[in-house]
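What follows is each chain in one-letter form.
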Amino acid sequence: MTLKEFAERAFGRKGERNTTQFRAYVGLNIIAWVIIFVWPILQGMSDGSTLAEITGGHFATYIGLPVMFVVLFYVDYYFLFDKLWKRDNNGKLWFLIINMLLILSISIGSFYWQIYFRELFGLGGNPLVFSHTVLYYCVVLMMTAGLAITLRYTLDYMHEEMKNRRLEAEQREAELRNLRAQLNPHFLFNAMNNIYALISIDASRAQQAMHDLSKILRYVMYDDQSKFVALDKELDFLRSYVDVMKLRLTDNVVLESSIQSSINGLMIAPLMLMSPIENAFKHGVSYTEPSYIRINISCEEEGDRKAVVCSVHNSYYPKTDVDRSGSGIGVENLRRRLDLLYPSNYELKMEHNDKDFYTYLKLYV
């Protein structure tokens, strides 16, 4: 592991602080240094030395083993795990062999370390038996190596999970941007077609329509770039859109639109209520047969939850066998955005017969 990789694993990449990894890293170091300084004191006291004797010179007798604990832990955690254990089965075998050699060497070295300093300082205490002492040290050091592997597995798993969640969030955001990029020109194209057709029929009404369209464009260019917008703004946008679309309607089309004011503070994903209304104008109007469109948008409170309800009834005049109401880019776009932004927090129903089409959308916001 390079120094850069070590820093990224401990503190997170630049610009993204990995709090869990950082806390784990700090915690491991605190535990390691506590072991280094507390172990010699406890070991010395168990051998009959007073605290004054231990801090006065006997500390060196007992500090060797805990220092080796920490060294073995760091070597396994930051070096051998990456170089050998994660590589393949042969790497795991070499990891075990090297660890056994290190553990045996440290255990024997720690035994003679204590013998030397006991004699140097004239310490008493229980006599050390080579076989028992070395076996004890080996067991504790093997537990240390096992702890290093377990913690690395756990923290690496957490690191991968966080990275995967971050990538999934980035992919969802990219998909949402793509869906919005599809949706914006889709309904704007329909609105501009209406104004184009109106110019030759009624220039003054076309001028008013252009004014309404400018409000629509302003919303799309600025407010629509946010992930969520105030519901009041979304409803104002829908009113402007309905005003533009109704200018082209003939006398045989009955339009009823009720878009109520929202509850203060509610937010919604932009253009989420657009598709049902757009489809009603696109597929619910015939210029030779009686037609109708009924739009109703309201807010409801259900205990602690608040919801926006959009229901659209319209006559059913599908343009072609392929381009039918309830299909196409608008509705498929809507379904996907609902799944991404409101999973398990919406109801969407679409029903139709030969003459009528009904759309019901309920969003818990």
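Here, the structure is the one placed above.
Starting afresh in each chain, residues are numbered from 1 along the sequence in its written order. Local features in a predicted model are, by the rule used here, given only for residues with pLDDT of at least 70; side-chain atom pairs are given and counted only at 80 or more, and totals for whole chains, interfaces and linings are based on all residues. Think of the side-chain values as coming from all heavy atoms in the structure, minus any hydrogens and water.

Visitor: Quick rundown of the packing of aromatic side chains? Include the residues and the values.
Guide: Within 6.5 Å between ring centres, the rings of Phe, Tyr and Trp (the latter by its six-membered ring) count as paired, and their orientation is classed by plane angle as stacked under 30 degrees, edge-to-face over 60, tilted in between. If you walk through the whole model with that rule in mind, you get 13 aromatic pairs. An aromatic cluster is defined as three or more aromatic residues linked by ring pairs; in this entry it consists of F73, Y74, Y77 and Y78. Sitting above the plane of the Y364 ring, R305 keeps its charged end 3.9 Å from the centroid. Throughout this description, the term charge over a ring refers to an Arg CZ or Lys NZ atom that lies within 6 Å of the ring centre and within 35 degrees of the ring normal.

Visitor: Account for the packing of helix α7 (residues 231–246) against helix α8 (residues 274–283), with residues named and values stated.
Guide: Between two packed helices, the angle of one axis relative to the other and the distance separating the axes together describe the packing. Contact pair α7 / α8: the axes reach a minimum separation of 11 Å and the direction vectors enclose 10°. One finds that α7 runs roughly parallel with respect to α8. Contacts from F237, L238, Y241, V242, M245 and K246 in α7 reach M274, I277, E278 and F281 in α8. The residue classification treats Ala, Val, Leu, Ile, Met, Phe, Trp, Tyr, Cys and Pro as nonpolar and Asp, Glu, Lys and Arg as charged. All others, Gly included, are polar. When the residues that make up the contact of α7 with α8 are grouped by side-chain class, the tally is eight nonpolar, no polar and two charged. Fitted lines through C-alpha atoms serve as axes, helices being fitted only where they are in contact, and the angles separating the N-to-C directions of these axes extend from 0 to 180 degrees. Secondary structure follows DSSP: runs of H or I at least 4 residues long count as helices, runs of E at least 2 residues long count as strands, and numbering of each begins at the N terminus. Roughly parallel covers angles under 35 degrees, roughly antiparallel covers those over 145, roughly perpendicular covers 65 to 115, and oblique covers all other angles. By the convention used here, residues are in contact when the closest approach between their heavy atoms is within 4.5 Å.

Visitor: Outline the environment of C310, listing residues and values.
Guide: Relative to the assigned elements, C310 resides in strand β5 (residues 305–315). Working definition: with a 1.4 Å probe on protein chains only, accessible area under 20% of the residue-type maximum means buried, over 50% means exposed, and in between means partly exposed. Residue C310 is classed as buried on the basis of its relative accessible area, which comes to 1%. Separated by twelve residues in the primary sequence, C310 and S298 have C-alpha atoms spaced 6.7 Å apart. Leaving out residues up to four positions away in the same chain, C310 has contacts with L273, N296, I297, T359, Y360 and L361.

Visitor: Can you break down a nonpolar patch on the surface residue by residue, with the values?
Guide: The patches reported here contain residues having more than 30% relative accessible area and no salt bridge. Joining distances are 9 Å for like charges and 5 Å for nonpolar side chains (Val, Leu, Ile, Met, Phe, Trp, Tyr). Each accessible area value is a Shrake-Rupley result obtained with a 1.4 Å probe; residue values ignore everything except the protein chains displayed when judging cover. Each reported salt bridge corresponds to a side-chain nitrogen of Lys or Arg within 4 Å of a carboxyl oxygen of Asp or Glu. Taken together, the side chains of V26, I30, W33, V34, F37, V38 and L42 present a nonpolar region at the surface, about 660 Å² in accessible area. Note that V38 resides in helix α2 (residues 19–46). With a relative accessible area of 37%, V38 lands in the partly exposed category.

Visitor: Tell me about the sheet that holds β5, and please be specific about residues and values.
Guide: Taken in spatial order, the five strands make up an open sheet running β2-β4-β5-β7-β6, and their pairing is mixed. Edge positions in the sheet fall to β2 (253–259) and β6 (346–352), since each has one partner strand and no second. Going across the sheet, the axis of each strand differs from the next one's by a mean of 10°, ignoring polarity. Bridge analysis of β6 against strand β7 (residues 356–364) gives seven bridges, and the strand direction is antiparallel. Within the sheet, the bridge partner assigned to M350 lies in β7 and is T359. Running over the sheet, α7 touches β2, β4 (291–302) and β5 and is turned about 170° from β2. A strand pair is defined by DSSP finding two or more bridges across the two strands.

Visitor: Which residues make up the nonpolar core, and what values do they have?
Guide: What we call a nonpolar core is a set of buried Ala, Val, Leu, Ile, Met, Phe, Trp, Tyr and Cys residues that are connected through their side-chain atoms within 4.5 Å. By size, the foremost hydrophobic cluster in this structure holds 45 residues, and its most contacted members are L238, M272, L273, I277, F281 and I297. The dominant element in this core, judged by the number of residues it contributes, is α7, at eight residues. Filtering out sequence-adjacent residues up to four positions away, F281 remains in contact with Y241, V242, M245, K246, L249, L255, I293 and I295. Of all hydrophobic cores here, the second largest spans eleven residues; its members include F69, I106, F111 and L141.

Visitor: Give a detailed account of the environment of L348, specifying residues and quantitative values.
Guide: Within the secondary structure, L348 sits in strand β6. Each C-alpha atom of the pair L348 and C310 lies 9.6 Å from the other, and the pair is 38 residues apart in sequence. If near-sequence neighbours (up to four positions away) are discounted, L348 is found in contact with L334, R335, L338, T359, Y360 and L361.

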